[in-house]
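So you can see what is in the structure, the chains are spelled out below.
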Amino acid sequence: RLGSVVAYFTSAKFLLYLGHALSTWGDRMWHFAVSVFLVELYGNSLLLTAVYGLVVAGSVLLLGALIGDWVDKNSRLKVAQTSLIVQNSSVILCGVILMIIFMFKTQLLTLYHGWLLTLCYILVITIANIANLASTATAITIQRDWIVVVAGEDRSKLADMNATIRRIDQLTNILAPMAVGQIMTFGSPMIGCGFISGWNLMSMCVEYLLLWKVYQKTPTLAHKSAKVEASELKQLNVKKESDMKPAEGVQLIIEKDVSGFEPQQEKEVGCAARIAEPFITFRDGWVAYYNQPVFLAGMGLAFLYMTVLGFDCITTGYAYTQGLSGSVLSLLMGASAVTGIMGTVAFTWLRRKCGLIRTGLISGAAQLACLILCVISVFMPGSPMDLTVSPFADISARLFENEPLPTIASPEPGMILATGMPNLLNGSIAPANSDPEMSPEPVPLISVSLLFAGVIAARVGLWSFDLTVTQLLQENVIESERGIINGVQNSMNYLLDLLHFIMVILAPNPEAFGLLVLISVSFVAMGHIMYFRFAQKSLGKQLFVCHTPDPKATPDSSPPGNTSTV
């Protein structure tokens, strides 16, 4: 028994988990801290944070396909090590620059009329964006490629590994911001910068070693298929246009092993061709994504990003306007993490019982059923929904009547919650219509309680559905296109996420939040309708035949006569 325990802790699977945990922990700490740092630096305004968010989303949207193509064209170890070093080095450099700004901000303001400080802000956002792009490349290569190779042909093992990776994500999403939040609360932003830089330096060395160990223990990682030829892609496109079955699209592509293969002599490429190459790659990536047999499933997942029904700054800000305390919010976030982990457990159980595609259908139905509570909350007592109120009435009043805009107070001891979030409830942000001389009337909590009950319960179906689509992409996208297809999938996710922020900008007042909830549920429903159409095409008349697979057969094995990997 001791030998089996030692074998597990030295296996490639466990080392991959450990490396992912270290990487994700540093990632979550940095993503939380950089937003707080930018608010603190720029006169307690959200401007720099908003610019940073826009730059990050826009960069992944535009460069997702190019990053994926780079992942496909290079060896696995080179891609993983390069993205790891670039990501961590960028965070370390960013942390050092932020420490310098915090130490010498007064002096920098006086130099060159403050332009030097502005240049530092631009530098921080640029380097932080590079770190995020490198993080995207790491996620694509490890979570979408390495994990498939380590799992081998065992789909049950792949499902378990995917679920474990998501559990690690759920835990670090809560614990990492808590840790760095406490450091920033009881120390200072400068100490927080130093801690994150030191963590990333240590983590980079350990992760580099872990990657090398996993690579050594899994010889198949050294073998990678070549990119498909243009003629093969053209043949695939012709079949797609004739409404082919998903299995036919997979079978048409013949992959070539590049291990030990002699590279062809490169032809001289003109300057114009080099300039046009990124645009051609961008176009080809989106075309290839559209032609995937799992295109509708991927689009269904992307549509789930067009929602305000999550634990982001928008929903927590709305909860604040409804009178929820910081301790209650932290408990709700903890409950959401628990239900997210329950979703990963449900995924592995449902997949064994009903198969992979039907798991997505059941998960989608469960999520929509829970979100009905959110729809009901819009019409319950305590809901501020009032579409007669102009979304920009308060802003225009302040602008034309010269009233001061609300600002965010500097983080002080007690202003960072146990969740690692800025405490919005002790005066960080004043409600738009608050009057210091009048105590606000208590708001009935029926509406907001139903809202968060629906959001938390829906995460079981959400994370199970996310894992389903993730594994469908892993199993059905050919090895030579995993990078570019997953890069485009990330771009689609960011595009819908960007649209949801634009939606909030167009209707920022609490009175319009109910409308945003209804729009969000509509987009989630459209996403699951797309997935239903994909499942209908893949399974046909067997769509609703949920049976336990033969234990002697490979899990998720296809019906007779259908060689699809779905």
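Residues numbered from 1 in each chain as written. Predicted model: local features only at pLDDT ≥ 70, side-chain atom pairs only at ≥ 80, totals over all residues. Heavy atoms only, no water.

Chemist: I'd like to hear about the overall build of the protein, residue by residue, with values.
Modeler: A count of helical and extended segments in the protein gives 18 helices and zero strands. When the accessible surface of the protein is summed, it comes to about 26900 Å², and 68% of that surface belongs to carbon and sulfur atoms. (Helix = DSSP H or I, 4+ residues; strand = E, 2+ residues; numbered from the N terminus. Areas by Shrake-Rupley, 256 points an atom, 1.4 Å probe, with all protein chains shown as cover.)

Chemist: Please provide a residue-by-residue account of the packing of helix H4 (residues 76–110) against helix H5 (residues 115–151), values included.
Modeler: Look at H4 against H5: their axes get within 8 Å of each other, and the N-to-C directions meet at 155 degrees. Accordingly, the angle class assigned to the pair H4 and H5 is roughly antiparallel. Crossing of H4 against H5: the hand is left-handed. Per-class residue counts for the contact of H4 with H5 are 28 nonpolar, six polar and three charged. (Axes fitted to C-alpha atoms, helices over the stretch in contact; angles between N-to-C directions. Parallel < 35°, antiparallel > 145°, perpendicular 65-115°, else oblique. Left-handed = near helix turned anticlockwise from the far one by under 90°. Nonpolar A, V, L, I, M, F, W, Y, C, P; charged D, E, K, R; others polar.)

Chemist: Could you give an account of the packing of aromatic side chains, with specific residues and numbers?
Modeler: Taken as a whole and assessed by the stated rule, the structure comprises 16 aromatic pairs. Geometrically, the ring pair formed by tryptophan 212 and tyrosine 215 is stacked, given 6.3 Å between the ring centres and 20 degrees between the ring planes. With tryptophan 212 and tyrosine 215 both in helix H7 (residues 189–217) and three residues apart, the pair spans about one turn of that helix. Centre to centre, the rings of phenylalanine 465 and tyrosine 531 are 5.1 Å apart; their planes meet at 75 degrees, and the pair counts as edge-to-face. Of this pair, phenylalanine 465 sits in helix H16 (residues 446–476) while tyrosine 531 sits in helix H18 (residues 513–539); the two residues are 66 residues apart in sequence, bridging distant segments of the chain. We note that phenylalanine 465, like tyrosine 531, is buried. Ring pairing ties together the aromatic residues Phe282, Trp286, Tyr289, Tyr290 and Phe295, which thus form one cluster. (Phe/Tyr/Trp six-rings, centres within 6.5 Å; stacked < 30°, edge-to-face > 60°. Buried < 20%, exposed > 50% of the residue type's maximum accessible area, 1.4 Å probe, protein only.)

Chemist: Please provide a residue-by-residue account of the packing of helix H10 (residues 271–290) against helix H17 (residues 482–506), values included.
Modeler: Helices that pack against each other are described as a pair by the angle of their axes relative to one another and the distance between those axes. At a minimum axis separation of 9 Å, H10 and H17 run at an interaxial angle of 90 degrees. Classified by the interaxial angle, the pair formed by H10 and H17 is roughly perpendicular. Contacts between H10 and H17 involve Thr281, Gly285, Trp286, Ala288 and Tyr289 on the former and, on the latter, Ile484, Ile485, Val488, Gln489, Ser491 and Met492. For the contact of H10 with H17, a count of residues per class yields seven nonpolar, four polar and no charged. (Contact = heavy atoms within 4.5 Å.)

Scope: geometric values only; no functional claims are made or implied.
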